[in-house]
Amino acid sequence: MSGCKDLSRRSFIKKTGIFLAGMQCVWPLPAWALSTSPGIEQRSPKSSYDLTIGYSPITIDGREGVSTGVNGSVPGPLVYLREGDDVTLRVTNELMDTKHASIHWHGILVPANMDGVPGVSYRGIPPGETYVYRYRVKQAGTYWYHSHSRFQEQTGTYGPLVILPKDGEPFTYDRDYPVVLSDWSFEDPEAIFRHINILGDYYNYQRRTVADFFKDVREMGLLDTIAERNAWGNMRMSPVDLADVTGHTYTFLMNGHSAGMNWTALFNPGETIRLRFINSSTMTNFDVRIPGLDMEVVMADGKAVKPVSVHEFRIGVAETYDVLVRPSKDQAFNIFAESLDRSGYTRGTLAPRAGMHVPPPALRPRPVRQLEKIGMGGMDDNIFGVMMGDMKHGDMQMDGQGKQPKQPDPRIPGPNGPEPFKPDDIGVNVIMVVNNPRYRLDEPGIGLGEDGWRVLVYDDLVSAEPQPYSTTVDREMTINITANMERYMFSFDGRKFTEQPGPYFFRHNERLRLFLVNHTMMEHPIHLHGMWMQMENGADKLPFKHTILTKPGGVVSALITPIERGDWAFHCHLLYHMEAGMFQVVRVA
């Protein structure tokens, strides 16, 4: 990166324009991400890294652009650590026209001042300066790192982080490959943010048509179809607003390769291959499958789980899943990652030899969200949702016709009361609330589960790790995930970050039961820094998660033990939702 030092983005483009014009076939990638690379098993962990964030050229499918890569590549270098080591990571900001840069170690338990969130953990890394992160590695598994400064993550500041366990892996395998999924756009992210602020479905080219209306009339009848259309219209939403930013502007990548570039991992028939899936996207949840092969999920968010055999899994933004596959035939297989809204895909190949490929499967039809599946069943006898604009605060009721509330779901361990999740004061920036949120950890999610194959659900996850924390719950707390899509406002408890009166308070070493209630029409990957969330999914050993993909109209309960004092970020990991306000600070004291 010495050639890029002290450059602003504008001067970088000016000085490298001729160079970029000759880069049709050059794609700066680190060794671990190269097609047919040997993977990471042959490397040795290190305890010291130098990482530089700077402008670097990027070429995708012959189109040229400028990234904010790490050490000159997108994704950045593999940070490979060993559990128990004291590590030093020096991060330098060479983005000379930015306020600051940063690196956050996603899912890693570190002291608060090593977490890497400007304005929360520290002031960020000013241009030309270096910040030295030092901490002891207390865990093992698959993680990643990324910038927490404005939109740098969108423009390429991310990479994989893998930690070798000090006592050996809990399972055996022959080859080991990171599979980093991401979404790249040649548009300026500031322009993307501006577009979706002006028009929430700016990038949605899969809206319902007149033909869809008549199809619904044939299937549902005219009155029900009109009622369904009116219900969505009253909420100023659409059942096909599944992703704010789509394949219209995104090129979906696997280890920095587009679908056409076909990243390839090699195997010998009969071997066991470990694939470490990391969703480093800014806005894209992926559905992953390898047609023709079973996948055995053995880790979720870096922590071991009892093996689960599946054919497909959904990986939310910022989540990780480790899977084992055992191809026995001398043939190639697609590694296929389809965006949730079906606006695009990326893919790679698992093959015995370089150069092999098989045609990718066709994209499945774009799913349509159904009101009754998110607790907004305005089309049946139950009316659970309310429009904030149509009803005064404090005037909400379970239904509009004097019906009795449903019985509590025993899978949701509290709180008690006739309307346990009714927000007390949701604010004026929320367009809807779901009065009867549901347990949805047993559901694969919209667009999944109807193809005849086995799909991973959160209920499948049973931890295979020691359970170090108390089983006695000291306190309960509810956080409402809220939004006003029409105004592109995303919030917690009805308030954007800038409107919050102060941080959420967690007590040091308490056992907290946190309820996350999603009152919006979209999936939100909620990430808590600095501590684990153990999802209460009915398992005898609760799985550890650093990021939970919450479903619309769903409630998730998670047990948390805050082990480090200090301020920690808590936010939706959809980058533009976070920037729009779905961010808060958790203070552990």
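Cut-offs and rules
Residues numbered from 1 in each chain as written. Predicted model: local features only at pLDDT ≥ 70, side-chain atom pairs only at ≥ 80, totals over all residues. Heavy atoms only, no water. Helix = DSSP H or I, 4+ residues; strand = E, 2+ residues; numbered from the N terminus. Buried < 20%, exposed > 50% of the residue type's maximum accessible area, 1.4 Å probe, protein only. Contact = heavy atoms within 4.5 Å. Areas by Shrake-Rupley, 256 points an atom, 1.4 Å probe, with all protein chains shown as cover. Pairing = 2+ DSSP bridges. Axes fitted to C-alpha atoms, helices over the stretch in contact; angles between N-to-C directions. pLDDT = per-residue confidence, 0-100. Polar contact = N/O pair within 3.5 Å; in protein donor to acceptor, adjacent residues only side chain to side chain.

## Re the overall build of the protein
And step 1. Secondary structure assignment for the protein yields five helices and 34 strands.
And step 2. For the protein, with 589 residues in total, the buried portion stands at 61%.
And step 3. Expressed as a percentage of contacts within the protein between residues at least 6 apart in sequence, the contacts between residues at least 24 apart total 77%.
And step 4. Element-wise, carbon and sulfur atoms account for 49% of the exposed surface of the protein, whose accessible area totals about 22,400 Å².

## A word on the sheet that holds strand β4 (residues 79-82)
And step 1. The four strands lie next to each other as β4-β9-β8-β6, forming an open sheet whose pairing is mixed. Only two strands of the sheet have a single neighbouring strand rather than two, namely β4 and β6 (104-106). Strand-to-strand twist across the sheet, computed as the mean angle between neighbouring axes with direction ignored, equals 25°.
And step 2. Here three bridges tie β6 to strand β8 (residues 141-146), and the two strands are oriented antiparallel to one another. Residue pairing for β8: His104 is matched across the bridge by His146.

## Considerations on the confidence of the model for the protein
And step 1. For the protein, the average pLDDT comes to 90, and 89% of its residues sit at 70 or higher.
And step 2. Considering only residues more than four positions removed or in separate chains, one finds that residues 379-386, a stretch of pLDDT under 50, has 29 contacts.

## Considering helix α2 (residues 189-198)
And step 1. Within the sequence span of α2, burial applies to Pro189, Ala191, Ile192, Phe193, His195 and Ile196.
And step 2. Buried residues belonging to α2 abut β10 (175-185) and α5 (575-579).
And step 3. Between the side-chain oxygen of the N-cap and the backbone nitrogen of Glu190 there are 2.8 Å, and the N-cap of α2 in question is Asp188.

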